[in-house]
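Letter by letter, the chains look like this.
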Amino acid sequence: MSNSGSIRATSSGSGSGGRVLIDAAYAKVDGMIRAQGGNVRIAGGARTEIGGQIDVASAVGRGGEVVVEGDEIAVGSTAAVDASGVSGGGNVRIGGGFQGRDATVRNADTLTVAPGSVIRADATGSGRGGNVILWADNDTLFEGDVSAHGVSRGGFAEISGKVNLNFQGTADLTADNGPAGTLLL
């Protein structure tokens, strides 16, 4: 499955967006997927490539949730994943859940996040930054930018490779009016 166009899932005024599920043996997203305040799940089999935009940001509540699965996951240099929210950051899980132990998210074997890519789960008006998990059971190469910036408190980010981690990117877990969040490598 290859998406180079635009997919939108909206709801009727409740602030909670729609849901998008892509389940394919090979998934490539070079276009735009928007489910503001909602959920996007991309479940590629052997390989998943993200080169476009995934937007679950919310202008009226907390940011939404993004889950990206696949044996090999590549987040390209033009990729932008945004789960920010005006009252708190949302959740982004790419390649697995916390420490690879979340049974609801299939773990990747390898994860590559290219320079120029941006993954955000910021609190833009109030509240704390969200949660970003980047995981692979074997190797993770991270050269992108992650932000879970908060207003009252910074968020949480785990960037891990169970076997090898090459961390060359940046992470912003600061807060405007409170303590910084946590970065787990």
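Going by the structure above, here's the rest.
*Asks:* What exactly am I supposed to notice about the pattern of salt bridges here?
*Replies:* Two side chains carrying opposite charge are able to pair once their charged atoms lie near each other. A full pass over the atoms with the stated rule returns 8 salt bridges. Residue Arg 34 is joined to Asp 55 by a salt bridge in which the shortest nitrogen-to-oxygen separation is 3.1 Å. With Arg 34 in strand S4 (residues 32–34) and Asp 55 in strand S6 (residues 53–55), this pair connects stretches of sequence that are 21 residues apart. The exposure class assigned to Arg 34 is partly exposed, which follows from its relative accessible area of 21%. With a closest N to O distance of 3.2 Å, Arg 47 and Glu 72 form a salt bridge. Taken as a pair, Arg 47 in strand S5 (residues 39–50) and Glu 72 in strand S8 (residues 72–75) lie far apart in primary sequence, 25 residues in all. Given a relative accessible area of 29%, Arg 47 falls into the partly exposed group.

*Asks:* Could you clarify how one ought to interpret the packing of aromatic side chains in this entry?
*Replies:* Overall, the coordinates contain 2 aromatic pairs when judged by the stated rule. Taking 6.0 Å as the distance between ring centres and 55 degrees as the angle between the ring planes, the aromatic pair formed by Phe 98 and Phe 156 counts as tilted. Of the two residues, Phe 98 is situated in the loop between strand S10 (91–94) and strand S11 (110–113) and Phe 156 in strand S16 (residues 156–161); the sequence distance between them amounts to 58 residues. Given the relative accessible area of 17%, Phe 156 is considered buried.

*Asks:* Looking at this structure, how should I read the pairing of S10?
*Replies:* Here is the key point about a regular strand: its side chains alternate between the two faces of the sheet. By the bridge criterion, 4 bridges tie strand S7 (residues 65–69) to S10 in an arrangement that is parallel. Bridging across to S10, Val 66 finds its partner in Val 92. Inspection of the sheet shows S10 paired to strand S13 (residues 131–136) by 4 bridges, in the parallel sense. Residue Ile 94 lies in a different strand from S13, and its bridge partner there is Leu 134.

*Asks:* Can you help me understand the nonpolar core in this one?
*Replies:* Generally speaking, soluble globular proteins have nonpolar side chains that are buried together. Within the largest apolar cluster, 35 residues are counted, with the highest numbers of intra-cluster contacts made by Ile 42, Ile 94, Ile 119 and Leu 134. Elements with a contribution of two residues or more to this core: strand S3 (19–29), S5, S7, S8, S10, S11, S13 and S16. Broken down by element, the residue count for this core peaks at 4 residues, all from S3. When residues no more than four places from it in sequence are discounted, the contact partners of Ile 42 are Ile 22, Ala 27, Val 29, Ile 33, Thr 48, Ile 50, Ile 54, Val 67, Val 68 and Glu 69.

Parameters at a glance
Once a new chain begins, its residue numbering starts again from 1 and follows that chain's sequence as written. Predicted model: local features are reported for residues with pLDDT of at least 70 only, side-chain atom pairs are reported and counted for 80 or more only, and whole-chain, interface and lining totals are derived from all residues. The side-chain quantities take in all heavy atoms of the structure and omit both hydrogens and water. Any Lys or Arg side-chain nitrogen located within 4 Å of an Asp or Glu carboxyl oxygen qualifies as a salt bridge. Under the scheme used here, helices are H or I runs from DSSP no shorter than 4 residues and strands are E runs no shorter than 2 residues, and both carry numbers assigned from the N terminus. Buried, partly exposed and exposed residues are distinguished by accessible area as a fraction of the type maximum, computed with a 1.4 Å probe on protein chains only: under 20%, between the cut-offs, and over 50%, respectively. Centres within 6.5 Å are what make two rings of Phe, Tyr or Trp a pair, Trp counting through its six-membered ring; a difference in plane orientation under 30 degrees is then read as stacked, over 60 as edge-to-face, and the rest as tilted. If DSSP finds at least two bridges between two strands, the strands pair. Residues belong to one nonpolar core when they are buried, are Ala, Val, Leu, Ile, Met, Phe, Trp, Tyr or Cys, and are joined through side-chain atoms within 4.5 Å. Here a residue-residue contact requires only that any non-hydrogen atoms of the pair lie within 4.5 Å.

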